[in-house]
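So you can see what is in the structure, the chains are spelled out below.
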Amino acid sequence: MTLPAVTPVDTTPISAAAAHDDLDPLWRAIVAESRSRQNDIHLPISFAFAERLCQAHPEADSLVVRVAILLHDTGWARVDQDRIISEGFAGDWRRADVRYEHERHGCDIAREVLPPLGYDDAFITRVTDIIDGHDTRQESRSIEDSLVRDADRLWRFTPTGIALASQWFGFTPSHYCSRLHAEIMPELLTDAAVQMATAELDRAELLLKIEQLS
Ligand SMILES: [Fe+2]
Ligand SMILES: [Fe+2]
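Small disclaimer: the values here were computed from a predicted structure and weren't measured.

Peer 1: Tell me about the overall build of the chain, and name the residues and values.
Peer 2: Regarding its fold elements, the chain presents eleven helices and zero strands. Mapped from its N terminus to its C terminus, the chain presents α and β elements in the order α-α-α-α-α-α-α-α-α-α-α. In terms of overall size, the chain behaves like a compact globule, its C-alpha atoms giving a radius of gyration of 16 Å where 214 residues would be expected to give roughly 17 Å. For the chain, buried positions account for 41% of its 214 residues.

Okay, structure coming up:
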């Protein structure tokens, strides 16, 4: 069962999300890491979803959620780039060694970039506790962890996410959309994320003519 939202959920197109600039220095600190595995597309879109999830869950510490989603996949930049495709998207990809490696590297990057920006050790530990295991640990350990996990999945329901992920996995857009319905939607932990995913996927399937191009 999913966690109910505390306040009304914004399901309008994520492309119209309001922008906050308080984390601009942190974005600028990870430009190099953003060039790996399309992080420069995935991270901003998932970040926008995370901000909306925080609005639906004001009980969560939004700064922890926003910083954790911003940094969670930066570690891909320190993994052998060829193995991202050969191991990260094929076979038993959820258990591939590169997945564990990108989580560990992501924690290292958080410990490097956050102290110069004034974040203290206790805060950084809360962020790395979420980054560590975000793909490989089965269970969520806090509301902040749950919102990061849902934001990490939600970007895939947008036309941009469908375009990139279907290419990564070698699927047609229509086959990838059927996987979103069958596999990714049931993994969402909050009702707010389910509402956002449903609205985004409805719009994306219409736009991309998924029914006609199946
Ligand atoms: Fe990841
Ligand atoms: Fe991710």
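Peer 1: Give a description of the packing of helix α3 (residues 39-56) against helix α8 (residues 143-154) that names residues and reports values.
Peer 2: At a minimum axis separation of 8 Å, α3 and α8 run at an interaxial angle of 135 degrees. By the angle class used here, α3 and α8 are oblique. For the crossing formed where α3 meets α8, the hand is right-handed. Counted together, S46, F49, A50, L53 and C54 of α3 and L147, V148, D150, A151, D152 and L154 of α8 form the full contact between these two elements. Within the contact of α3 with α8, the residues separate by chemical class into eight nonpolar, one polar and two charged.

Peer 1: Now, about the nonpolar core: what can you tell me, with residues and values included?
Peer 2: As a rule of thumb, soluble globular proteins bury nonpolar side chains together. One finds F49, A50, L53, V65, A68 and L71 to be the most contacted residues of the largest nonpolar core, which totals 46 residues. Of all the secondary-structure elements, those providing two or more residues to this core are α3, α4 (62-71), α6 (97-113), α7 (121-131), α8, α9 (159-169), α10 (173-184) and α11 (191-207). The leading source of residues in this core is α3, at nine residues. Setting aside chain neighbours within four positions, we find A68 in contact with V127, I130, I131, E144 and V148. By size, the runner-up hydrophobic cluster in this structure holds five residues, among which are W76, A77, A96 and V98.

Peer 1: Account for α10, naming residues and giving values.
Peer 2: Listed as buried for α10 are P173, Y176, C177 and L180. Angularly, the buried residues of α10 cover 105 degrees about the axis, an arc narrow enough to put them on a single face. Facing away from the buried surface of α10 by more than 90 degrees, the exposed residues are A182 and E183.

Peer 1: Tell me about α9, residues and numbers included.
Peer 2: All of the buried residues along α9 are G161, I162, A165 and S166. Here the buried residues of α9 occupy an arc of 115 degrees about the axis, which is enough to place them on one side. In this fold, the buried residues of α9 make contact with α3, α10 and α11. With its phi angle positive at about 75 degrees, G170 sits one or two positions after the end of α9.

Peer 1: I'd love a proper account of the packing of α3 against α11, names of residues and values included.
Peer 2: Interhelical geometry of α3 versus α11 gives an angle of 135 degrees and a closest axis separation of 9 Å. Between α3 and α11, the interaxial angle falls into the category oblique. Crossing hand, α3 versus α11: right-handed. Of the residues in α11, those touching α3 at F49, R52, L53 and A56 are A192, A193 and M196.

Conventions we followed
Residues numbered from 1 in each chain as written. Chains lettered and ligands numbered in written order. Predicted model: local features only at pLDDT ≥ 70, side-chain atom pairs only at ≥ 80, totals over all residues. Helix = DSSP H or I, 4+ residues; strand = E, 2+ residues; numbered from the N terminus. Rg over C-alpha atoms; globule rule 2.2 N^0.38 Å. Buried ≥ 20, exposed ≤ 12 C-beta atoms within 10 Å, placed from the backbone. Axes fitted to C-alpha atoms, helices over the stretch in contact; angles between N-to-C directions. Parallel < 35°, antiparallel > 145°, perpendicular 65-115°, else oblique. Left-handed = near helix turned anticlockwise from the far one by under 90°. Contact = placed C-beta atoms within 7 Å. Nonpolar A, V, L, I, M, F, W, Y, C, P; charged D, E, K, R; others polar. Core = buried A, V, L, I, M, F, W, Y, C linked by C-beta atoms within 7 Å. Arc of directions from axis to C-beta.

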